[in-house]
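# Survey of secondary and tertiary structure
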Amino acid sequence: MNRGLTGHYSPAIAGGIACKAFVPAPLPPNPPLEINGKLQSRINQAMLALGRLDAISTLLPDARLFLYSYVRKEAVMSSQIEGTQSSLSDLMVYEMEGVPGVPMDDVQEVSCYVSALNLGIQRIREDQPLTFRLVTELHQALMTSGRGTNRCPGEFRKSQVWIGGHRPDEATFVPAPANELADCWSELERFINDVPDTTDPLIKAALTHVQFETIHPFMDGNGRIGRMLIPLILVEAKVLNEPLLYLSVFFKKHRQTYYERLNQVRLTGDWEAWLLFFVDAVAETANQAVNTAKQLNELRQKDKASLTELGRQAGSANQIIDALFEHPIVSINKLIELTGLTAATLGKVLGALEKQLGIVKEMTGQKRNRVYAYTAYIQILNQE
């Protein structure tokens, strides 16, 4: 639907150059969304997929173990969209206090994303609403190390920014001027918190993401916070119990369409085209997550069944498999902490798991301070 420009342009100065900054109209859209048969059908498919995703905890012996790795996968993908080179394995090695083979700033940024998301879920569970206070707290956590420390962590920007192009008057997009941010955010905060009217959570997550990216309130980290808001809104609304919906893989795969849809909303008010894209992202991503969980469950059952070949070592090996499900890349010291087994026992059993069964792979090639990877688990997570 073409509603025309969904906001207005304000004169602004960026880098000493005059430009026009876009100030979005408050949500919800006016005139209201047209949810026709095609869009309603796709919304229904997305909600069905979210229902299956939410039921994942019944599929897995311990959903928390899946969540640990899945959150980290999202952190890697969301940060890669912003240009970091860190991989899932790099992050897991870093968290174990190893030294990854990538710039330290990259892996620190990804680790901060994990901390910020976990903080957001904790605050939601404490019944804190999604307000200025919480969003700036998340930003502070996100930008606490790596390259973010000099980008005003936890503060709305005080100067004009632009996106794309080497100068603001030739930019792809110039978001709202700094002096309009408080009003823009205040309106968005009211919408997120159902003031004055309640919005369906899935539609709220879709519209909020666009509006947040359009306001672009921070100097840096807007993309990551904007993507983080999606699972936070769905957990707050109890559509999901755990933050298992991450759209970064889909947005990265369809990056051109993603940016086109955002721009279309701003220039023509075609929220419906954005919603079609968004609910397809939700359905595909949720179905993929369910599939990943099933594959991990099957892997666990297959590998545990093979442990009978190890005879008396099978009991200890069983404990190690459980620990690897929580930490797919792990040091001997961490395994001692997780299993209570001695270093000598771990050494022998890990040797059997590597050479006899091919379940783990030693990563360092050293005699001491060895690090083991549960290779099949990491391959499943890295499928996309």
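Quick note: structure is the one above.
Residues numbered from 1 in each chain as written. Predicted model: local features only at pLDDT ≥ 70, side-chain atom pairs only at ≥ 80, totals over all residues. Heavy atoms only, no water.

## A short note on the packing of aromatic side chains
All told, the structure shown has 18 aromatic pairs when counted by the stated rule. On the basis of an interplanar angle of 85 degrees and a centroid distance of 6.3 Å, the ring pair of Trp185 and Phe212 is categorised as edge-to-face. On the criterion of sequence distance, the pair formed by Trp185 in helix α7 (residues 181-192) and Phe212 in helix α8 (residues 201-215) is long-range, its members being 27 residues apart. Judged by relative accessible area, which is 3%, Trp185 ranks as buried. Ring centres of Tyr374 and Tyr377 lie 5.8 Å apart, and the angle between their planes is 35 degrees; this geometry places the pair in the tilted category. By the ring-pair criterion, three or more aromatic residues cluster together here, those being Phe250, Phe251, Tyr258, Tyr259, Trp274, Phe277 and Phe278. Here the basic side chain of Arg266 rests over the ring of Phe173, its NZ or CZ set 4.0 Å away from the ring centre. Here the guanidinium or amino end of Arg300 rests over the ring plane of Phe325, the centre of that ring lying 4.7 Å away. (Phe/Tyr/Trp six-rings, centres within 6.5 Å; stacked < 30°, edge-to-face > 60°. Helix = DSSP H or I, 4+ residues; strand = E, 2+ residues; numbered from the N terminus. Buried < 20%, exposed > 50% of the residue type's maximum accessible area, 1.4 Å probe, protein only. Lys NZ or Arg CZ within 6 Å of the ring centre and 35° of its normal.)

## Section: α8
For α8, which comprises 15 residues, the first-to-last C-alpha distance of 20 Å matches the rise-based estimate of 21 Å (1.5 Å per residue) to within 8%. A large share of α8 lies buried, amounting to 14 of its 15 residues. In this structure Asp200 caps α8, since a side-chain oxygen of it lies 3.1 Å from the backbone nitrogen of Leu202. Two residues or fewer past α8, His216 is found with a positive phi of approximately 55 degrees. (Expected span 1.5 Å × (residues − 1). Polar contact = N/O pair within 3.5 Å; in protein donor to acceptor, adjacent residues only side chain to side chain.)

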